[in-house]
Amino acid sequence: MRKLLASLAASLVVGLAAFGFADIALAQDAASAPAAAASMAAMPAAAAAPAAAASEAAPAAAAQPVPNKGDTAWMMVSTVLVILMTIPGLALFYGGLVRSKNMLSVLMQVFVTFSMIVVLWFIYGYSLAFTEGNAFVGGFDRFMMKGVWDNAAGTFANAATFSKGVYIPEIVFAAFQATFAAITCCLIVGAFAERIKFSAVLLFMALWFTFSYAPIAHMVWFWMGPDAYSSKEVVDAMTSKAGFVWQSGALDFAGGTVVHINAAVAGLVGAYMIGKRVGYGKESFTPHSLTLTMVGAAMLWVGWFGFNAGSALEANGFAALAFINTLAATAAAVLAWCIGEALVKGKASMLGAASGAVAGLVAITPAAGNVGIGGGLIIGLVAGLACLWGVSGLKKLLGADDSLDVFGIHGVGGIVGALLTGVFNSPSLGGPGYVADWVTATMITQADYSIAAQFWVQAKAVGITIVWSGVVAFVAFKIVDLVIGLRVAEDNEREGLDITSHGETAYHG
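Residues numbered from 1 in each chain as written. Predicted model: local features only at pLDDT ≥ 70, side-chain atom pairs only at ≥ 80, totals over all residues. Heavy atoms only, no water.

As a further point, take the overall build of the protein chain. Within the protein chain, the secondary structure is distributed over 17 helices and six strands. Taken across its 509 residues, the protein chain has 59% of its residues classed as buried. Long-range contacts, defined here as pairs at least 24 residues apart, represent 80% of the contacts in the protein chain between residues at least 6 apart. Accessible surface computed for the protein chain: about 18400 Å², of which carbon and sulfur atoms make up 69%. (Helix = DSSP H or I, 4+ residues; strand = E, 2+ residues; numbered from the N terminus. Buried < 20%, exposed > 50% of the residue type's maximum accessible area, 1.4 Å probe, protein only. Contact = heavy atoms within 4.5 Å. Areas by Shrake-Rupley, 256 points an atom, 1.4 Å probe, with all protein chains shown as cover.)

A few words on the pattern of salt bridges. Opposite charge on two side chains allows them to pair when their charged atoms are near. What the rule picks out here adds up to 11 salt bridges. In this structure, Lys395 engages Asp405 in a salt bridge whose closest nitrogen and oxygen atoms are separated by 2.9 Å. In this pair, Lys395 sits in helix α13 (residues 373-398) while Asp405 sits in the loop between α13 and α14 (406-424), placing the two residues 10 residues apart along the sequence. When sorted by exposure, Lys395 lands in the same class as Asp405, which is buried. Glu493 serves as the salt-bridge partner of Arg487, at 3.0 Å between the closest nitrogen and oxygen. For Glu493, a relative accessible area of 2% gives the class buried. (Salt bridge = Lys/Arg side-chain N within 4 Å of Asp/Glu carboxyl O.)

Mapping Thr86 onto the fold places it in helix α3 (residues 69-97). Here the side chain of Thr86 touches Val82 through a polar contact of 3.2 Å, landing on its backbone oxygen. Excluding anything up to four places from it in sequence, Thr86 contacts Ala91, Val110, Phe114, Ile183 and Cys186. (Polar contact = N/O pair within 3.5 Å; in protein donor to acceptor, adjacent residues only side chain to side chain.)

This paragraph deals with the nonpolar core. Grouped together as the largest cluster of nonpolar side chains are 142 residues, with contacts concentrated most on Phe204, Met205 and Tyr213. In terms of residues, this core owes the most to one element, helix α6 (residues 198-221), which gives 18 residues. When near neighbours in sequence (up to four residues on either side) are disregarded, Met205 contacts Thr113, Met116, Ile117, Cys185, Ile188, Val189 and Phe192. (Core = buried A, V, L, I, M, F, W, Y, C linked by side-chain atoms within 4.5 Å.)

On to the packing of aromatic side chains. Under the counting rule described, the total for this entry stands at 27 aromatic pairs. Residues Tyr126 and Phe130 carry aromatic rings whose centres are separated by 5.9 Å and whose planes lie at 35° to one another, so their mutual orientation is tilted. On the criterion of helical spacing, the pair formed by Tyr126 and Phe130 is a turn pair, its members being four residues apart in helix α4 (residues 103-130). Per residue, the accessibility class of Tyr126 equals that of Phe130, and both read buried. Ring geometry for Phe140 against Phe143: centres 5.2 Å apart, planes inclined by 25°, an arrangement best described as stacked. Residue classification places Phe143 among the partly exposed residues on the basis of a relative accessible area of 25%. Each member of the aromatic cluster is reached from another via a ring pair, and the members are Trp121, Tyr124, Tyr126, Phe130, Phe173, Phe209 and Tyr213. (Phe/Tyr/Trp six-rings, centres within 6.5 Å; stacked < 30°, edge-to-face > 60°.)

Turning to the side chain of Thr184, a few remarks are in order. With respect to the secondary-structure elements, Thr184 resides in helix α5 (residues 170-188). Its relative accessible area of 0% is what places Thr184 among the buried residues. Those residues in contact with Thr184, other than ones at most four positions away along the chain, are Trp208, Tyr213, Val258, Val259 and Ala263.

Our focus in this paragraph is the packing of α6 against helix α15 (residues 451-483). Where α6 contacts α15, the two axes come as close as 9 Å, and the packing angle between them is 155°. When the interaxial angle is binned, α6 and α15 end up roughly antiparallel. As α6 packs across α15, the resulting crossing turns out to be right-handed. Where α6 approaches α15, its residues Ala200, Leu203, Phe204, Leu207, Trp208, Phe211, Ser212, Pro215, Ile216 and Met219 are matched on the opposing element by Thr465, Trp468, Ser469, Val472, Ala473, Ala476, Phe477, Ile479, Val480 and Val483. (Axes fitted to C-alpha atoms, helices over the stretch in contact; angles between N-to-C directions. Parallel < 35°, antiparallel > 145°, perpendicular 65-115°, else oblique. Left-handed = near helix turned anticlockwise from the far one by under 90°.)

With respect to the helices, strands and loops of the structure, Gly133 is situated in the loop between α4 and β1 (149-150). A sequence separation of 85 residues divides Gly133 from His218, and the C-alpha atoms of the two residues are 9.3 Å apart.

Bringing the environment of Phe198 into the picture now. Along the chain, Phe198 turns up in helix α6. For Phe198, a relative accessible area of 14% gives the class buried. Note: C-alpha distance between Phe198 and Val112 (86 residues apart in sequence) is 9.7 Å.

Let us look at the packing of α4 against α6. At a minimum axis separation of 9 Å, α4 and α6 run at an interaxial angle of 40°. Considering the angle they form, α4 stands oblique to α6. When the axes of α4 and α6 are compared, the crossing they make is right-handed. For the contact of α4 with α6, the class distribution of residues is 20 nonpolar, five polar and no charged. (Nonpolar A, V, L, I, M, F, W, Y, C, P; charged D, E, K, R; others polar.)

Compared with an ideal rise of 1.5 Å per residue, which puts 19 residues at 27 Å, helix α9 (residues 256-274) spans 26 Å between its outermost C-alpha atoms and is within 8% of the ideal. Most of α9 sits inside the fold, with 17 of its 19 residues counted as buried. Where α9 ends, the next residue or the one after it, Gly275, has phi of about 95°, a positive value. (Expected span 1.5 Å × (residues − 1).)

Right, dumping it as structure tokens:
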């Protein structure tokens, strides 16, 4: 009963806060939305999800565009693939890494967090992330998904893609993005596995999703869509309505900042605030089933093709580029991790190979459709080695009990991928560059591309994400600790959360 009441309280708190948050955002729109931080020569090509309201920028008299059936089908398949990444992929990957007495607790935390965030997304999260508000958060135009379809007329609202005149049904785009929000929150679970209260997980996720995920998604991915750039006279006005990070020209194809760095920082803050597991550094914390971890990693890799290639929002060449980079970079990261591990420890491990795959997937996420194949391979190789250091050397320096190395892989890999996107996006290094002028949809020339300038833009996006997520996570954990407490009792932790939190066991006999 206590846990049920805590969950109900969480919903009430977050709902009220979300209303207030949106009201403040809308009230400050005129005063807070900054002018475009850069000229159109600094705008990304296919780095983000479009504004759900982009089609509203077209003249009212224009005929309603008909969504492309092939693009729509691809986006629905991609959505299912991202669900596969999380449940069962991430759940099994994490579950195999903990001790057997905590297997079900991790599965529950991933499964129920995913479900809760999907519900919150369709209530208000989608609206906060992908409707017009100010540079930092959207409004409530799509609260409870109102306006996405007319049941009487049988018509559906459209969402823009990255090509002029090409649309998909907005409900498909909303569903696709729901899976992104859900898996991002689920990633955090690995940082404090084996010692947190189940009710604390849910309340924290609701708060962090509302005040960190939705605003960062808005800042990085919200813009008015290509058709809004109908003439040079409206460019500045349309750009000023975009998210703060989008305006700066940062490239994030599928979520290096929004998903991985965002989640990793929150997880690291949680690892510090919840404290180390009982016996950490003295007892053995070896994974109980590397077989399940490998199965989970394989499902992550398969599902990630929908995650990355689906972020093109169309079944086109950029989706194909993201697809092959997801394959090549991940394979390169596996090899790099295994080679590094063999050199350092004398043997390459199955855990290392699986971790290397995830490291490559993380790093290529922001770059997938923004770099050439050669750049993708290099990003994978660098990520494999960098994340190997992240879970060993860096982890010791940080001194936190990040149970399943969320920061070492998702944080380090996300930062590596985000920064190197600015390097290998360059046409001189085989990258596609970005759209220099959305009115004519022309790409930047090789002569005009500055690697140093784009690298700096990427670095600022990384910094904004780290600070924002860190502050929100700290406050959210403090609130949860005051309301229901963060950590289970020591006796319960020693017995295992499967029994003490859920009354079940994963294995018998």
